[in-house]
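Each chain, written out:
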Amino acid sequence: MCGWSRKVAGPISLCWLILLLPPVKFHETNMQKPLQIGILGATGMVGQRFIQLLEHHPWFEVAWLAASDRSSGKRFGDAVRWKLDTQLPRRIADMQVSPAEPAGAPKVIFAALDADIARELEPKFAAAGCAVVSNSSAFRMHPDVPLVIPEVNAEHLHLIEEQSWRKQSGGFIVTNPNCSAIGLVMALRPVEERFGIEAIFVTTMQAVSGAGYPGVASLDILGNVVPYIKNEEEKMEEETLKLLGRFDGHAVRPLAAKMSAHCNRVAVEDGHTESVSIKLRTQATKAEILTAWKEFAPLAGQQLPSAPPQPVEWVEADDRPQPRLDRMRGNGMAATVGRLRPCGLLDWKFTVVSHNTIRGAAGAAVLNAELLLSLGKLEPTLDRTMTGTSA
Ligand SMILES: NC(=O)c1ccc[n+]([C@@H]2O[C@H](COP(=O)([O-])OP(=O)(O)OC[C@H]3O[C@@H](n4cnc5c(N)ncnc54)[C@H](OP(=O)(O)O)[C@@H]3O)[C@@H](O)[C@H]2O)c1
């Protein structure tokens, strides 16, 4: 496992970080017993995706499920309204839903709570020594909390060491971005690395599953477009610039670019589509941008189970990408780009599609946890879990 230094002397580029990362050894040496994890908000849309993605996961095993008082104490199969197109695993259905408290919970927690509830509960778990891998927006913009996409800004994980919970109990919070920011940033990162980006203009067409369950009323969304998602444009704008920012050894300096987002809810079940225009710092040809996307493979060789082999997939056809046809590329973990063409206002424009509850939520958190484990950041947790010590 990696002996990762607590502070670095200066900015670390992603390329350097990848050179510093050792090959992932965990799954070669410790595969006899997967690490036990818990899910907070297990009955929700994202919680259900966690259960689906973690069934048969080689490193993690679901050992604890928690939700609100409405569900606590019930058999999970009776508490959940299962909405996915795979069967609810029998073992999970028979588990009892626990109260959302750290006592008795495993030391690695995947959290899928609404932001207001996350703001109250996630610090309690971190203070109790848990690694909280969160989906919610509650702490994404906190200066000491890493907002991470492993292919984009793994070096931001150094921020964990700045957190008071980490210093006191070993616990910490790591977050993944908003479901529409993630596809956008995956597409932008390879371009920004090579050519720099001065301005970003994006219009989203976001699936209804992004609003959780039951989400938007059918009478509001059927045959309709709703041009407003509360706080979404603000989240997209600030998160994108933080994700593309540089870690300077102490803090993240956001990307110095202008950005404008328009966010819309559309009558699509899963998969967010985004129309993007960008202004570059250095001019690039279409072929050079396509090459940047094609060669973008920062996790190659790390053997993280959920990492897609090609994080940004290019699709050639004039009418692609489309959410129904392209959201499951890379097992739902890739961002699919297409329609790259000159923009009359900025330099280039294109379309990107990504799966909002897989790459945009549960899959993103699982990949973050895989990266943390490969870096040795879950090791103390692992030791405690293996010896049966609870919070
Ligand atoms: N859906 C997406 O595409 C997506 C993408 C990225 C991020 N996110 C974020 O992920 C989080 C979860 O979203 P979601 O779509 O899964 O929401 P959801 O379907 O509404 O699920 C919310 C979950 O939180 C639980 N909960 C509610 N109040 C609670 C309380 N007081 N204590 C403990 N648990 C409580 C619910 O349990 P009960 O069933 O018992 O009420 C349920 O399990 C949100 O912050 C959301 O913004 C969602």
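Residues numbered from 1 in each chain as written. Predicted model: local features only at pLDDT ≥ 70, side-chain atom pairs only at ≥ 80, totals over all residues.

Check the secondary structure of the protein chain and you find 15 helices and 15 strands. Looking at the 391 residues of the protein chain, the share that counts as buried comes to 50%. In the protein chain, 75% of the contacts between residues at least 6 apart in sequence involve partners at least 24 apart. (Helix = DSSP H or I, 4+ residues; strand = E, 2+ residues; numbered from the N terminus. Buried ≥ 20, exposed ≤ 12 C-beta atoms within 10 Å, placed from the backbone. Contact = placed C-beta atoms within 7 Å.)

The next point concerns the sheet that holds strand E3 (residues 97–98). In space, the 6 strands of this open sheet follow the order E3-E2-E1-E4-E5-E6, with parallel pairing throughout. Looking along the sheet, the strands with just one partner apiece sit at the ends: E3 and strand E6 (172–175). Taken together, the 3 bridges between strand E1 (residues 35–40) and strand E4 (residues 108–111) define a ladder with parallel strand orientation. By the bridge assignment, Leu-40 is partnered in E4 with Ala-111. (Pairing = 2+ DSSP bridges.)

What follows concerns the site of the ligand. Around the ligand lies a shell of 28 residues, among which Gly-44, Ala-67, Ser-68, Ser-71 and Gly-212 are the nearest. Listing elements by their share of the shell around the ligand, those giving two or more residues are helix H3 (45–54), helix H6 (115–127) and helix H14 (358–374). By residue class, the composition of the shell around the ligand is 12 nonpolar, 14 polar and 2 charged. The two domains that each donate at least three residues to the shell around the ligand are domain 1 (14–178 + 362–386) and domain 2 (179–355). (Near = placed C-beta within 6 Å. Nonpolar A, V, L, I, M, F, W, Y, C, P; charged D, E, K, R; others polar. Domains from an automatic or database assignment.)

A few words now on helix H11 (residues 232–243). Taking 1.5 Å as the rise per residue, H11 with 12 residues should run 16 Å; its terminal C-alpha atoms sit 16 Å apart, in good agreement. If you check which residues of H11 are buried, you get Glu-232, Lys-235, Met-236, Glu-239, Thr-240, Leu-241, Lys-242 and Leu-243. Looking at the buried residues of H11, the elements they touch are helix H7 (150–153), helix H9 (179–195), strand E7 (197–206), strand E10 (252–253) and strand E11 (258–266). (Expected span 1.5 Å × (residues − 1).)

Moving on, we get to the nonpolar core. The tendency in soluble globular proteins is for nonpolar side chains to be buried as a group. Residues Ile-109 and Val-185 are the most contacted members of the largest nonpolar core, which totals 107 residues. Among the elements that make up this core, the one with the highest residue count is H14 (11 residues). If we skip the residues at most four places from it in the chain, Ile-109 touches Gly-38, Leu-40, Phe-125, Cys-130, Ala-131, Val-132 and Val-133. (Core = buried A, V, L, I, M, F, W, Y, C linked by C-beta atoms within 7 Å.)

Okay, the packing of H3 against H14 next. Helix packing for two helices is described by the angle between their axes and how far apart those axes are. In contact at an axis separation of 9 Å, H3 and H14 are set at 55° when each is read in the N-to-C sense. With respect to H14, the axis of H3 lies oblique. The handedness of the crossing between H3 and H14 comes out as right-handed. Across from Val-46, Arg-49, Phe-50, Leu-53 and Leu-54 in H3, the residues of H14 making contact are Ile-358, Ala-361, Ala-362, Gly-363 and Val-366. For the contact of H3 with H14, the residue count by class is 8 nonpolar, 1 polar and 1 charged. (Axes fitted to C-alpha atoms, helices over the stretch in contact; angles between N-to-C directions. Parallel < 35°, antiparallel > 145°, perpendicular 65-115°, else oblique. Left-handed = near helix turned anticlockwise from the far one by under 90°.)

This part is about H6. Between the first and last C-alpha of H6 there are 18 Å, a value that for 13 residues agrees with the 18 Å anticipated at 1.5 Å per step. Along H6, the sharpest change in direction is near 30° and occurs at Leu-121; proline Pro-123 comes one to four residues later. Along its buried surface, H6 packs onto E1, E4, strand E5 (131–134), helix H8 (164–169) and E6. A positive backbone phi angle near 95° is found at Gly-129, which sits one or two residues after H6. (Bend = angle between axes of the 7 residues up to and from the residue.)

To continue, consider the pairing of E4. Every second residue of E4 is oriented toward a common face, with Val-108 and Phe-110 on one face and Ile-109 and Ala-111 on the other, all of them buried. Where E4 and E5 come together, 4 bridges link them in parallel fashion. Pairing of Ala-111 across the sheet is with Ser-134, part of E5.

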